[in-house]
Amino acid sequence: VAPKLFMILGYYDIRTFVEFAGLWKQHESQGRRIPIIISGGWGRGTQKLIDNVKDYYREDAVRLEKLAQVLAGKEVSEARIIQFVLEQLDIPPPFVLEENSTNTKQNLVNSYPLVTQILGTSPVAIQIVTSPALNYRAYLTAVRQYKDEIAAQGWKVKVAPIYRADLKQIHETG
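Residue numbering note: each chain is counted from 1, following its sequence as written. Whole-chain, interface and lining totals are the exception, using all residues; otherwise, since this is a predicted model, local features are given only for residues with pLDDT of at least 70 and side-chain atom pairs are given and counted only at 80 or more. Side-chain calculation: all heavy atoms of the structure are included, whereas hydrogens and water are not.

Chemist: Looking at this structure, how should I read helix 4 (residues 78-88)?
Modeler: Residues spaced three or four apart along an α-helix point in a common direction, a consequence of the helix completing one turn every 3.6 residues. In terms of burial, helix 4 is a largely internal element, 9 of the 11 residues being buried. A simple rule labels every residue: compare its accessible area, found with a 1.4 Å probe on the protein chains alone, to the largest value its type can have, and call it buried under 20%, exposed over 50%, or partly exposed in between. Strands here are runs of E lasting at least two residues and helices are runs of H or I lasting at least four, both read from the DSSP assignment and numbered beginning at the N terminus. Those residues of helix 4 lying buried are Glu78, Ala79, Ile81, Ile82, Gln83, Phe84, Val85, Leu86 and Gln88. Positive phi appears at Asp90, one or two residues downstream of helix 4, with a value of about 70°.

What follows is the structure in structure tokens.
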């Protein structure tokens, strides 16, 4: 079942967003333009996200200049940085940004009004997008936060790895 909404949670793992772009384009090629909420304020991993994005585009002066413009804004957030990455990967706007959260619970709580604004309260299928390392926590937190909607309105929450972490590589580089 295709989700009716993607909810991207802020994190410093740029590979998540690069791989997500491919998934979103798959749905689009099948005629589904699934709305995207991007949730994330300025948290403890934001600087690492900025560094990772700079590193990803290190050989692309045009994109680095565009990133500098995003970072020069007064309201820099993980949501805005992730939006930048998705736009560079040809994912078209609109994006709905939630820019105040600094942890998974806040991401879900603060995104709730945006979900209902986009989809209403009828049965919805939300796919949460985050780093593979955070999938389990994101799922448990979502089920806890949206338990009433799941029970009474038939909401469905899915968290599936966007990519599989290579534990051997992590061990060798970590």
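Picking up after the structure, the text goes on.
Chemist: Looking at this model, I keep getting lost on the packing of aromatic side chains. Mind explaining?
Modeler: The description of an aromatic ring pair uses the distance of the two centres, along with the angle that the planes make with each other. The pairing test for Phe, Tyr and Trp rings, Trp by its six-membered ring, is centres within 6.5 Å, and the orientation test on the planes gives stacked under 30 degrees, edge-to-face over 60, and tilted for anything in between. By the definition in use, this model includes 7 aromatic pairs. Their ring planes at 80° and their centres at 4.9 Å tell us that Phe6 and Phe20 sit as a pair that is edge-to-face. Here Phe6 is found in strand 1 (residues 5-9), whereas its partner Phe20 is found in helix 1 (residues 14-29), with 14 residues between them in sequence. Classification of Phe6 by relative accessible area gives buried; the value is 0%. In this structure Phe20 comes out as buried when scored by relative accessible area, which is 0%.

Chemist: Explain the nonpolar core to me, please; I cannot follow it from the model alone.
Modeler: As a rule of thumb, soluble globular proteins bury nonpolar side chains together. One finds Ile8, Phe20, Ile36, Ile38, Val53, Val85 and Leu86 to be the most contacted residues of the largest nonpolar core, which totals 27 residues. Within the residue set of this core, elements represented by two or more residues are strand 1, helix 1, strand 2 (36-39), helix 2 (46-56) and helix 4. Sort the elements by how many residues they give to this core and helix 4 lands first, with 6 residues. The nonpolar core is taken to be a set of buried Ala, Val, Leu, Ile, Met, Phe, Trp, Tyr and Cys residues, with the residues joined through side-chain atoms within 4.5 Å. Judged by nonpolar contacts, the second largest core, of 17 residues, contains Met7, Val115, Val124 and Val159.

Chemist: What should I look at first to understand the pattern of salt bridges in this one?
Modeler: For side chains bearing opposite charge, pairing can occur when the charged atoms are close. When a carboxyl oxygen of Asp or Glu is within 4 Å of a side-chain nitrogen of Lys or Arg, the pair counts as a salt bridge. In the structure shown here, the tally under the stated rule is 5 salt bridges. Across the pair Asp55 and Arg58 runs a salt bridge, and its minimum N-O distance is 3.0 Å. Looking at Asp55, the relative accessible area reads 44%, which means it is partly exposed. For Arg58, a relative accessible area of 52% puts it in the exposed group.

Chemist: Hey, could you run me through the sheet that holds strand 1 in this one?
Modeler: Strand pairing in a sheet relies on backbone hydrogen bonds. The paired strands run either parallel or antiparallel. If you walk across this open sheet you meet the 5 strands as 3-2-1-4-5, and the pairing is parallel. Of all strands in the sheet, those with a lone pairing partner are strand 3 (96-98) and strand 5 (156-159), marking the two edges. The sheet shows a mean angle of 20° between the axes of neighbouring strands, direction not considered. Strands strand 1, strand 2 and strand 4 (125-129) of the sheet are contacted by helix 1, whose axis makes an angle of about 175° with strand 1. Whether two strands pair depends on DSSP finding at least two bridges between them. Axis geometry follows a simple rule: fit a line to the C-alpha atoms, using only the stretch in contact for helices, then measure angles between N-to-C directions, giving values from 0 to 180 degrees. In what follows, a contact means two residues having at least one pair of non-hydrogen atoms within 4.5 Å.

Chemist: Help me understand the packing of helix 3 (residues 61-72) against helix 4, please; the structure alone is not making it clear to me.
Modeler: Two quantities define a packed helix pair, namely the angle between the axes and the distance from one axis to the other. Their axes nearest at 10 Å, the elements helix 3 and helix 4 cross at an angle of 155°. When the axes of helix 3 and helix 4 are compared, the pair comes out roughly antiparallel. Remark: the crossing between helix 3 and helix 4 carries right-handed chirality. Between helix 3 and helix 4, the residues in contact are Arg63, Lys66, Leu67, Val70 and Leu71 and Arg80, Ile81, Phe84 and Gln88, respectively. Under the scheme applied here, ten amino acids are nonpolar (Ala, Val, Leu, Ile, Met, Phe, Trp, Tyr, Cys and Pro), four are charged (Asp, Glu, Lys and Arg), and all others, including Gly, are polar. When its residues are assigned to classes, the contact of helix 3 with helix 4 shows 5 nonpolar, 1 polar and 3 charged. Oblique is the label for any angle not under 35 degrees, not over 145, and not in the 65 to 115 range, which are roughly parallel, roughly antiparallel and roughly perpendicular in turn. Rotating anticlockwise by less than a right angle from the far helix to the near helix defines a left-handed crossing, while the corresponding clockwise rotation defines a right-handed one.

Chemist: Please explain the side chain of Asn135 as it appears in this structure.
Modeler: Mapped onto the elements, Asn135 comes out in helix 6 (residues 135-145). Classification of Asn135 as buried rests on a relative accessible area of 8%. In contact with Asn135, other than residues within four places in its own chain, are Thr130, Val159, Ala160 and Pro161.

Chemist: Help me understand a nonpolar patch on the surface in this model?
Modeler: Patch definition: residues above 30% relative accessible area lacking any salt bridge, with like charges linked at up to 9 Å and the nonpolar side chains Val, Leu, Ile, Met, Phe, Trp and Tyr linked at up to 5 Å. Per-residue and other accessible areas follow the Shrake-Rupley method at a 1.4 Å probe size, with only the shown protein chains counted as cover for residues. On the surface, Tyr136, Tyr139 and Leu140 cluster together into a nonpolar patch covering about 330 Å² of accessible area. Tracing the sequence through the fold places Tyr139 in helix 6.

Chemist: Even after reading the chapter, I still don't get the pairing of strand 2, so can you show me in this structure?
Modeler: By the alternation rule, side chains of strand 2 split into Ile36 and Ile38 and Ile37 and Ser39, which are all buried. Here 4 bridges tie strand 1 to strand 2, and the two strands are oriented parallel to one another. Among the inter-strand pairings, Ile8 is bridged to a residue of strand 2, identified as Ile38. Looking down the strands as they point away from you, a crossover is right-handed if its path from the first strand over the helix to the second goes clockwise. Following the chain from strand 1 across helix 1 to the adjacent parallel strand 2, one finds a crossover that is right-handed.

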